[in-house]
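# Summary of the model geometry
Chain by chain, the residues run as shown.
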Amino acid sequence: MIPFRFLHAADLHLDSRFAGLVHLPQDIRSYLRESTFAALGRLVGVAILQKVDFVVISGDVYDVSDASLQGQLRFREALEELGRHGIQVFLIHGNHDPLDGPRLSSASPAHVTVFGGSEPERVTARRREDGREVAVVSGISYPTSKVTENTALRFSRQPGSSLFHIALLHGNVDGDLQHETYSPCTRKDLIGRGYDYWALGHIHKRSILHEHPPIVYPGNIQGRSIKETGPKGCYTVDVSAEGAARLDFHELDSVRWQVRELSIEGLADEAEWTLAVENAVEDIRRETPQMMSVVRFRLTGRGEIHKVLAEKGAADDLLTELQRRETVRAVRKEYAGLVWTEGFSIETGLAVDREHLLLEDSFLGEMLRLAGRSSGNAAELDELVATALRPLMENQELRRLLLSVGAEEKQEWLRGAAELGITLLSRLEEGGTLLNAEEEGKAYSAAHAGDGDGQPGGEVEE
């Protein structure tokens, strides 16, 4: 087998919107919008610098819903730059950029192969330096935005060929619940098709599902929400004379998303908590000095600061100030090292003896036991949430939103409800001790007076 090198990327989502960011200053909004194009430029740079023989792109170059003219023109410009360096490009379209979606009606350059949507097609890739055949590349695009069949089963190795075989597939392998189950398949399906490398797209988290043969998700090239944390980029793949593939990851992102945990334990007051957050921001700035960071602080632990966070709006006040400071940097075009705090996830609690409460024969004890049981049992969690939210399910729009909620978010609701119970009942403390079971019962009954139909009697003032 002739040694060669190729680049594998997917899910470029050029010029698509960033989720979860509202009321952004215009300077930062413009920088974020440009970041997907910046990542594309770095991708081209890696391909040229690493002297790859060809590039494979496994779907979702852009989003049909955000398919701007600028995005399509910038992608065409990138393809032309690769062509000037003799680099072939093989690509498929995914669920966000299907073949029937709107796009510029122009023929692809000679060095670019766009696979059709009826059956997997095969094209031979050549090495740049001498034009020798090195690989058979197969792929199939999405004809429409929803492909629910297992298209992997339609791939087959070219009979009698000893060349390295690469398959481009945009789909959900082994049922990743965080993404739509388009073109669903299993690792066993892929391994059984006889290909030497599966170049996957659709899942935005980078992962190597199998090593021999490599079954690879490179992830997207630029994170666009707090669900897309960590370095983003592409792989270069070196294939040896023996047919072994060595993968090297290359970071392409200019804006990095992360969730940073910060415990409140041991913090005496609001001033200490504020300083801890400010120090964490500076730590991130030192860790990623050449790029912009978007961070969500996950506040954990137990302590008296919980009351300040839960009741006095301290988190909102500090968030406003942190964002004001970074806006000043953006106005000065100091995006390298800019740290935009996206928000705070408050998962803190009061400093209580939780183990003791779990043993108590009380309303709060029973609620905590119920939360504990449900956290480890998916079926019980679903049943509990469904029962609690049944009145809301009568509204069609709310029902649609609630049905889309994943297990992790349901678990967070349950955890939050338990902590809210502790906080509310702690307000009725006497002598520093939580109310006994009889007093808790009276408080609970008073809060739910008039609930003859099982509906809440009124809003709880926080």
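Residues numbered from 1 in each chain as written. Predicted model: local features only at pLDDT ≥ 70, side-chain atom pairs only at ≥ 80, totals over all residues. Heavy atoms only, no water.

Taken together, three strands build an open sheet; the order of strands is β13-β14-β15 and the sheet is parallel. Single-partner strands in this sheet number two, and they are β13 (255–263) and β15 (339–346). Strand-to-strand twist of the sheet, defined as the mean angle between neighbouring strand axes without regard to direction, takes the value 20 degrees. Strand direction decides the pairing type here: β13 and strand β14 (residues 292–300), joined by nine bridges, are parallel. Along β14, the bridge assignment pairs Arg260 with Phe297. (Pairing = 2+ DSSP bridges. Helix = DSSP H or I, 4+ residues; strand = E, 2+ residues; numbered from the N terminus. Axes fitted to C-alpha atoms, helices over the stretch in contact; angles between N-to-C directions.)

Residues of the protein with pLDDT of at least 70 account for 87%, and the chain-wide mean is 86. Contacts of residues 429–462 to residues separated by more than four positions or lying in other chains number 26 contacts, the stretch itself having pLDDT below 50. (pLDDT = per-residue confidence, 0-100. Contact = heavy atoms within 4.5 Å.)

As a further point, take the packing of aromatic side chains. How two aromatic rings sit relative to each other is set out by the distance from centre to centre and by the angle between their planes. One pass over the full model with this rule turns up 14 aromatic pairs. Note on Phe54 and Phe90: the rings are 5.6 Å apart at their centroids and 85 degrees apart in plane angle, and the pair reads as edge-to-face. Of the two residues, Phe54 sits in strand β2 (residues 54–58) while Phe90 sits in strand β3 (residues 88–92), which places them 36 residues apart along the sequence. Take Phe54: its relative accessible area is 0%, and that puts it in the buried class. The class for Phe90 is buried, based on a relative accessible area of 0%. Arranged with centres 5.3 Å apart and planes meeting at 65 degrees, the rings of Phe155 and Trp198 form a pair that is edge-to-face. Of the two residues, Phe155 is situated in the loop between β6 (133–139) and β7 (164–170) and Trp198 in strand β8 (residues 197–201); the sequence distance between them amounts to 43 residues. Like Trp198, Phe155 is buried. Of the aromatic side chains, those joined through ring pairs into one cluster are Phe4, Phe6, Phe54, Phe90, Phe164 and Tyr197. (Phe/Tyr/Trp six-rings, centres within 6.5 Å; stacked < 30°, edge-to-face > 60°. Buried < 20%, exposed > 50% of the residue type's maximum accessible area, 1.4 Å probe, protein only.)

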